[in-house]
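# Breakdown of the fold
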Amino acid sequence: MRTPVAIVGAGPAGLLLSHLLDLAGVESVIVETRSREYVEARIRAGILEQSTVDLLREAGLAERLDREGDEHRGIYLQWPEERHHLDFVDLVGRSVTVYGQTEVTKDLGKARAAAGQQIHYEVTDTAVHDLETDKPYVTFTSPVGTQQRLDADAVVGCDGSFGPCRTAIPEAAKQTWERTYPYSWLGVLADVAPSTDELIYAWHPDGFAMHSMRSATVSRLYLQVPNGTDIGTWSDDRIWEALATRLGHGQNGWTLTPGPITDKSVLPMRSFVQQPMRHGRLFLAGDAAHIVPPTGAKGLNLAVADVALLAPALAALVRDKNSTLADAYSDTALRRVWRCTHFSWWMTTMLHRSGDPFDRQLQLSQLRWLAGSEAGRAGLAENYAGLPIGF
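Now for a quick tour of the structure. (Residues numbered from 1 in each chain as written. Predicted model: local features only at pLDDT ≥ 70, side-chain atom pairs only at ≥ 80, totals over all residues. Heavy atoms only, no water.)

A few words now on the overall build of the protein. Each helix and strand in the protein was counted, giving 12 helices and 19 strands. A compact globule built from 391 residues should have a C-alpha radius of gyration of about 21 Å, and the protein, at 21 Å, falls within 12% of that. Dimensions along the principal axes, computed over C-alpha positions, put the protein at roughly 65 × 45 × 40 Å. Of all 391 residues assigned to the protein, the portion counted as buried reaches 55%. The contacts in the protein between residues at least 6 apart in sequence include a share of 72% that link residues at least 24 apart. Put simply, the protein shows about 16,400 Å² of open surface, and 50% of that area lies on carbon and sulfur atoms. (Helix = DSSP H or I, 4+ residues; strand = E, 2+ residues; numbered from the N terminus. Rg over C-alpha atoms; globule rule 2.2 N^0.38 Å. Buried < 20%, exposed > 50% of the residue type's maximum accessible area, 1.4 Å probe, protein only. Contact = heavy atoms within 4.5 Å. Areas by Shrake-Rupley, 256 points an atom, 1.4 Å probe, with all protein chains shown as cover.)

With that settled, the discussion passes to the packing of aromatic side chains. For the structure shown, the criterion picks out 10 aromatic pairs. Geometrically, the ring pair formed by W177 and W338 is edge-to-face, given 5.4 Å between the ring centres and 80 degrees between the ring planes. With a gap of 161 residues between them, W177 in strand β12 (residues 175-190) and W338 in helix α10 (residues 324-351) connect regions that are remote in the sequence. For W177, a relative accessible area of 35% translates into the label partly exposed. Look at W338 and you get partly exposed, because its relative accessible area is 33%. Relative to Y183, the ring of Y181 lies with its centre 6.2 Å away and its plane at 25 degrees, an arrangement referred to as stacked. Both residues of the pair, Y181 and Y183, belong to the buried class. Through successive ring pairs, a cluster of aromatic residues spans F88, W185, Y201, F208, Y222, F343, W346 and Y384. Lying across the ring of W234, R238 places its NZ or CZ 3.7 Å from the centre. (Phe/Tyr/Trp six-rings, centres within 6.5 Å; stacked < 30°, edge-to-face > 60°. Lys NZ or Arg CZ within 6 Å of the ring centre and 35° of its normal.)

Moving on, we come to empty space enclosed by the protein. Over the atoms a probe the size of a water molecule is rolled, and this reveals where empty space is left. Tallying each qualifying case throughout the model produces 1 cavity of 30 Å³ or more. Taken together, L56, L61, Y99, V104, D107 and L108 make up the lining of the largest cavity. Broken down by element, the lining of the largest cavity gets its largest block of residues, 3 residues, from helix α6 (residues 101-114). Class assignment of the residues belonging to the lining of the largest cavity gives a composition of 5 nonpolar, no polar and 1 charged. (1 Å grid on protein atoms, 1.4 Å probe; cavity = no way out; pocket = protein on both sides within 12 Å on 5 of 7 lines; lining within 4 Å. Points joined across faces, edges and corners; volume = space filled by probe spheres on them. Nonpolar A, V, L, I, M, F, W, Y, C, P; charged D, E, K, R; others polar.)

Strand order in the open sheet formed by 8 strands is β6-β5-β13-β14-β15-β12-β16-β19, with mixed pairing between adjacent strands. Because the sheet does not close on itself, it has two edges, and the strands there are β6 (82-87) and β19 (290-291). Bridge count between β12 and strand β15 (residues 219-225): 7 bridges; the pairing is antiparallel. The residue bridging A190 from the neighbouring strand is S219, located in β15. Together, β5 (74-79), β6, β12, β13 (200-202), β14 (209-213), β15 and β16 (261-275) form the strand contacts of helix α8 (residues 236-247), whose direction differs from that of β15 by roughly 85 degrees. (Pairing = 2+ DSSP bridges. Axes fitted to C-alpha atoms, helices over the stretch in contact; angles between N-to-C directions.)

Attention shifts here to helix α3 (residues 50-58). The complete set of buried residues in α3 reads Q50, S51, T52, V53, L55 and L56. Just past α3, the residue G60 takes up positive phi, approximately 75 degrees.

Turning our eyes to something else, we now look at the sheet that holds strand β7 (residues 96-98). Whenever strands of a sheet pair, they do so through backbone hydrogen bonds, lying parallel or antiparallel. Here we have 3 strands laid out as an open sheet, ordered β3-β7-β4, and antiparallel in their pairing. Each end of this open sheet is capped by a strand with a single partner; those strands are β3 (47-48) and β4 (70-72). With 2 bridges connecting them, β3 and β7 associate as antiparallel partners. Looking at the pairing, I47 lines up with V98 of β7.

Note that D87 resides in strand β6. Classification of D87 as buried rests on a relative accessible area of 15%. Within the local environment of D87, its side chain forms a polar contact with the backbone nitrogen of V89, the two atoms lying 3.1 Å apart. (Polar contact = N/O pair within 3.5 Å; in protein donor to acceptor, adjacent residues only side chain to side chain.)

Right, dumping it as structure tokens:
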């Protein structure tokens, strides 16, 4: 097989990249280890930045998003006995939209299927080759055991942190930075209407808690727990009791309504950045190049920003033989990556209990400053609602 652009990974980054390339008149082929059903069912992020929503609209992918997404003007910041609303629209003129990554992936999959996009699901033994030449290729084994080779002008790794593309860049040609946080999130999905109109980020002596949502009838909630937590030790009653305590049930008349928990999992927290995001004719996008803790709601949005930069760069490279944008891709993308990495670290360390009494006082001081400073709130709002693509 041959294609101008070979994409490894059929998550939202790979699907969106193929769609943007198609709009530019450039064909691509996607290979994916998992099944389509698995990819579309993965529970991930649910907050879309303004720039992400704008891009999906411009690309003709927002019909259901506009119908079912829930636009939020801001968030609540909370600590015991205090809750403060940050209105992003008033502060920076931008909002966010609650719309699950699973729904984004379904919309992208439907659009690509309608366009006749060639996607090979459930492949194994994927590997990338000859990346330092202008004739790279991808090999893989089909679901029926047939060895396949896909020749291309460029290969894009949208295959996450455990795929073959990140590790295909030689050690001598890359740098990596990593921070593993000393706590995790216990996340639950519950079939109950949200008890809040917008997200609550709560600092508490027992640990961080967050009240999010997926729809008008489904709540998404998180608790800070120690690394290595056994999910089996957290019964539904224990989860709801901890959420009620940390989120302030009864505070100023507010109540947390419990409901049936349909999913629970423990999510480790880490930051990771690898640079450059390009090696020869291999380009990395999304989690293949960087991971952020979910506190700042940046993971999916960073992946979207990556492919928004990458699509015109690849179109110019493979169609027009112009490498200017491709040569600039890594440096341009990494500016935003590091900004979002810092913001995610800042939100995480401000809100999670470390056990250090000095840290506790610094966190409370920072939260009080945000509550009382319009400049502080505007800085948080600007980063949370999203910087422009190409920042």
